[in-house]
Amino acid sequence: MKRIFYVLIVALMCVACEDDEKFSTGPGMRLDFSVDTLKLDTVFSNTPSSTYAFWVFNRQDSGQRLQTVKLKKGNQTGFRVNVDGIYLDNSNGSQTNNVEIRGKDSLLVFVELTSQTAHQLEPKLVEDNLLFIQENGNEQAVNLRAWTWDAQKLYDLEIQKDTVIESAMPLVVYGDLTVRKGVTLTLKNTQLFFHDQSGLEVEGSLKMEGCELRGDRLDRMFDYLPYDRVSGQWNGVHFHESSTDNELVETVIKNAIEGVVMDKAELDENHDRLSMTHCVVHNSKITGVRTVGSSIRLDHCQLTNAGGDCLAVIGGKAEISYCTIAQFYPFDASRGKALRMANETENPLKLFDCEGTIVTGYADDELEGEQICDEVDYHFENCLLRTIVEEGARFEDIIWESPTDEIEGKKQFVKIDEENLDYDFHLNEESTAKGKGCY
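Reading the values: the criteria
Residues numbered from 1 in each chain as written. Predicted model: local features only at pLDDT ≥ 70, side-chain atom pairs only at ≥ 80, totals over all residues. Heavy atoms only, no water. Helix = DSSP H or I, 4+ residues; strand = E, 2+ residues; numbered from the N terminus. Rg over C-alpha atoms; globule rule 2.2 N^0.38 Å. Contact = heavy atoms within 4.5 Å. Areas by Shrake-Rupley, 256 points an atom, 1.4 Å probe, with all protein chains shown as cover. Lys, Arg positive; Asp, Glu negative; His and termini not counted. Charge placed at Lys NZ, Arg CZ, Asp CG, Glu CD. Pairing = 2+ DSSP bridges. Salt bridge = Lys/Arg side-chain N within 4 Å of Asp/Glu carboxyl O. Buried < 20%, exposed > 50% of the residue type's maximum accessible area, 1.4 Å probe, protein only. Core = buried A, V, L, I, M, F, W, Y, C linked by side-chain atoms within 4.5 Å. Patch = residues over 30% accessible without salt bridge, like charges linked within 9 Å, V, L, I, M, F, W, Y side chains within 5 Å. Polar contact = N/O pair within 3.5 Å; in protein donor to acceptor, adjacent residues only side chain to side chain. Phe/Tyr/Trp six-rings, centres within 6.5 Å; stacked < 30°, edge-to-face > 60°. Lys NZ or Arg CZ within 6 Å of the ring centre and 35° of its normal.

A.B. asks: Is there a simple way to explain the overall build of the chain in this structure?
C.D. replies: Assigned secondary structure in the chain consists of 1 helix and 43 strands. Taken against the 2.2 N^0.38 rule, which gives 22 Å for 439 residues, the C-alpha radius of gyration of the chain at 30 Å runs more than 25% over that of a compact globule. In terms of its C-alpha atoms, the chain occupies a principal-axis envelope of roughly 105 × 55 × 50 Å. For the chain, the share of sequence-separated contacts (at least 6 apart) that also reach a separation of at least 24 residues comes to 59%. Within the structure as shown, the chain displays about 21000 Å² of accessible surface, and the carbon and sulfur contribution to it stands at 46%. Averaging the locations of the 43 positively and 75 negatively charged side chains of the chain gives two centres separated by 9 Å.

A.B. asks: Help me understand the sheet that holds strand β4 (residues 52-58) in this model?
C.D. replies: Two modes of strand pairing occur in sheets, parallel and antiparallel, and in both the strands are linked by backbone hydrogen bonds. The strand order β1-β4-β9-β6-β7 describes an open sheet built from 5 strands, whose pairing is antiparallel. Both outer strands of the open sheet, β1 (32-33) and β7 (86-87), are each paired with one neighbouring strand and no more. In this structure, β4 lies alongside strand β9 (residues 105-113), joined through 7 bridges in antiparallel fashion. Bridge pairing in β9 places tyrosine 52 opposite valine 111.

A.B. asks: What exactly am I supposed to notice about the pattern of salt bridges here?
C.D. replies: Oppositely charged side chains can pair when the atoms bearing their charge come close. Inspection of every chain in the model, using the stated rule, returns 23 salt bridges. It is possible to trace a salt-bridge network through shared partners that takes in Glu212, Arg214, Asp228 and Lys254.

A.B. asks: Whenever I open this one, the pairing of strand β32 (residues 311-321) confuses me. Can you help?
C.D. replies: Regular strands have side chains that alternate between both faces of the sheet. By the criterion of burial, β32 is predominantly enclosed, with 10 of the 11 residues buried. Of the pairings in the sheet, the one linking strand β30 (residues 289-299) to β32 comprises 10 bridges and is parallel in character. Looking at the pairing, aspartate 299 lines up with serine 321 of β32. Where β32 and strand β34 (residues 339-342) come together, 4 bridges link them in parallel fashion. Each bridged residue has a counterpart across the sheet, and for alanine 312 the counterpart in β34 is arginine 340.

A.B. asks: Can you help me understand the nonpolar core in this one?
C.D. replies: Generally speaking, soluble globular proteins have nonpolar side chains that are buried together. The biggest cluster of nonpolar side chains holds 58 residues, and the ones touching the most others in it are Leu206, Leu213, Phe352 and Phe380. When residues in this core are grouped by element, the largest group, 4 residues, is from β32. Beyond its immediate sequence surroundings of up to four residues, leucine 213 is in contact with Leu192, Phe194, Leu200, Met208, Trp234, Val237, Thr251, Val252, Ile253 and Lys254.

A.B. asks: Looking at this model, I keep getting lost on a nonpolar patch on the surface. Mind explaining?
C.D. replies: A cluster of nonpolar side chains, Met221, Phe222 and Tyr224, forms an exposed patch at the surface whose accessible area comes to about 290 Å². With respect to the helices, strands and loops of the structure, tyrosine 224 is situated in the loop between β22 (220-222) and β23 (225-226).

A.B. asks: Explain the side chain of lysine 254 to me, please; I cannot follow it from the model alone.
C.D. replies: Residue placement: lysine 254 occurs in strand β26 (residues 252-254). Once you skip the residues sitting within four places of it in the chain, lysine 254 turns out to touch Glu212, Leu213, Arg214, Gly215, Asp228, Trp234 and His282.

A.B. asks: Would you explain the side chain of glutamine 327 in this entry?
C.D. replies: Within the secondary structure, glutamine 327 is located in strand β33 (residues 324-327). Residue glutamine 327 is classed as buried on the basis of its relative accessible area of 0%. At 3.3 Å, the side chain of glutamine 327 forms a polar contact with the backbone nitrogen of tyrosine 329. Each residue touching glutamine 327, except ones within four places of it in the same chain, is listed here: Asn305, Ala306, Gly308, Cys310, Arg335, Gly336, Lys337, Ala338, Thr360, Gly361, Tyr362 and Glu366.

A.B. asks: Looking at this structure, how should I read the environment of glutamate 408?
C.D. replies: Position of glutamate 408 among the secondary structure elements: in the loop between β41 (399-400) and β42 (413-417). In the structure, glutamate 408 is positioned 48 residues away from threonine 360 in sequence and 8.2 Å away in space, judged by C-alpha atoms. Residue contacts for glutamate 408: discarding those within four places in its chain leaves Arg386, Glu401, Ser402 and Pro403. A polar atom in the side chain of glutamate 408 sits 2.8 Å from the side chain of arginine 386.

A.B. asks: Looking at this structure, how should I read the pairing of β4?
C.D. replies: Burial of the side chains of β4 is restricted to one face: Tyr52, Phe54, Val56 and Asn58 are buried, whereas none of Ala53, Trp55 and Phe57 on the reverse face is. As judged from the 2 bridges shared by β1 and β4, these two strands associate in the antiparallel manner. By the bridge assignment, phenylalanine 33 is partnered in β4 with valine 56.

A.B. asks: Is there a simple way to explain the environment of leucine 108 in this structure?
C.D. replies: Positionally, leucine 108 belongs in strand β9. In the structure, leucine 108 is positioned 55 residues away from alanine 53 in sequence and 6.9 Å away in space, judged by C-alpha atoms.

A.B. asks: Just checking my understanding: could you explain the packing of aromatic side chains for this structure?
C.D. replies: Aromatic rings in a pair are described by how distant their centres are and how their planes are angled relative to each other. Tallying each qualifying case throughout the model produces 18 aromatic pairs. Both rings, one in phenylalanine 44 and one in tryptophan 149, keep their centres 5.9 Å apart while their planes meet at 20°; by these two values the pair is stacked. Within this pair, whereas phenylalanine 44 is found in strand β3 (residues 43-44), its partner tryptophan 149 is found in strand β11 (residues 139-149), the two being separated by 105 residues in sequence. There is no split in this pair, since phenylalanine 44 and tryptophan 149 are both buried. Where tryptophan 149 meets phenylalanine 193, the ring centres are 5.7 Å apart and the plane angle is 75°; that geometry is what we call edge-to-face. Taken as a pair, tryptophan 149 in strand β11 and phenylalanine 193 in strand β18 (residues 191-194) lie far apart in primary sequence, 44 residues in all. Pair check on accessibility: tryptophan 149 and phenylalanine 193 agree, each one buried. In this structure an aromatic cluster arises from ring pairing among Phe328, Tyr362, Phe413, Tyr423 and Phe425. Stacked on the ring of phenylalanine 57, the Lys or Arg arginine 59 has its end atom at 4.4 Å from the ring centre. The lysine or arginine in question, arginine 217, covers the ring of tyrosine 227, its NZ or CZ lying 4.0 Å from the ring centre.

A.B. asks: I'm lost on the environment of asparagine 90 in this one. Help?
C.D. replies: Tracing the sequence through the fold places asparagine 90 in the loop between β7 and β8 (95-101). As a C-alpha pair, asparagine 90 and leucine 71 span 19 residues in sequence and 9.3 Å in three-dimensional space.

A.B. asks: Just checking my understanding: could you explain the sheet that holds β41 for this structure?
C.D. replies: Within the open sheet, the 11 strands sit side by side as β12-β15-β18-β21-β26-β29-β31-β33-β36-β39-β41. Their pairing is parallel. The sheet is open, and its two borders are formed by β12 (152-155) and β41, each paired with just one other strand. Judged from the 4 bridges that link them, β33 and strand β36 (residues 358-361) form a sheet pairing that is parallel. Bridging across to β36, threonine 324 finds its partner in isoleucine 358.

Geometric descriptors of this kind do not, in isolation, establish any biological role.
As structure tokens, then:
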């Protein structure tokens, strides 16, 4: 028994010796990296970034020992690094020691960033080098870089008196931004970034000009796909029953769950509850613009790509002029229509007047009329319509787009890039809709 025990000890010692011999300190020993520069996307200052990763490869037959892995600037830039499960402790100079990479093996490195305030309006470059120093003295580095952007953070902000906000610094909204009944919020030349499940709730009045509303993710879902092209990131703009006198000018609303929703209220046919001029509502997970029993006016607006309808007018009154309403939503084959108008018993459609507008999309029929009877006052003039409808007095100077046309649907526009979810709804040179639409 003692002899067997002795043999086992010798065998283990030999294995240990063999392991030691596999690690080399020769001058030619070097590492390979999956990236030379790890580019993090833009982040808001003092807000943790997503986690990024890269690989460190030892392509040699012999193992290599890293004497030190460290951030060159220590804890001064806000980068946080984990090397194969080992955190580079900021209290210890943002470094770790004695890391082994066996022959033909690799390490996975994770990187995050919480940047400091940049004290400037434009995004600022933040970078550092992650150094890999071997026992043989060789030093290699991977550059870490990101852009940091100062922003003002708003948490469940309630507007309880008439307020004007004009900010060169972006606003990041957590929770809801609520405009109380009887109060007017005026937003000018401001970018608002809404966190997940946040939205703009309007009980009073909203005036917006030169604004952009979108989700707060500045990074990428995939290398080719920034979150800026992904729908459903925030709740959208909700006009309550008590809301009136809303005016949106040169404003972009994108990537929401529901872009714009207007609840039913007592109809005033001589007064618009909502007017939108030169606005974009794009890439909504459910509906782009949906109004119920309201008087609305849309002029030179782009309403595009929604999981539901791009524009749904349920009763009330709508005047649409020179808009582009196009349904190329990429995430759901059961997407809604480009344009839906409905005449309901509780929400009768009093007037629907559409001029100079493009209505198109993937489907053979992108114009839906529900319970539209002879008593409903509706009219289309000088439009391009992709629909199956009988011509009549209510349709004047219409270009009827058909799936058999050489130029139809997505071929009308400069870019409908379904692979990269990149869209430009300006008309291309071959379009049959010249003089129509919002551009």
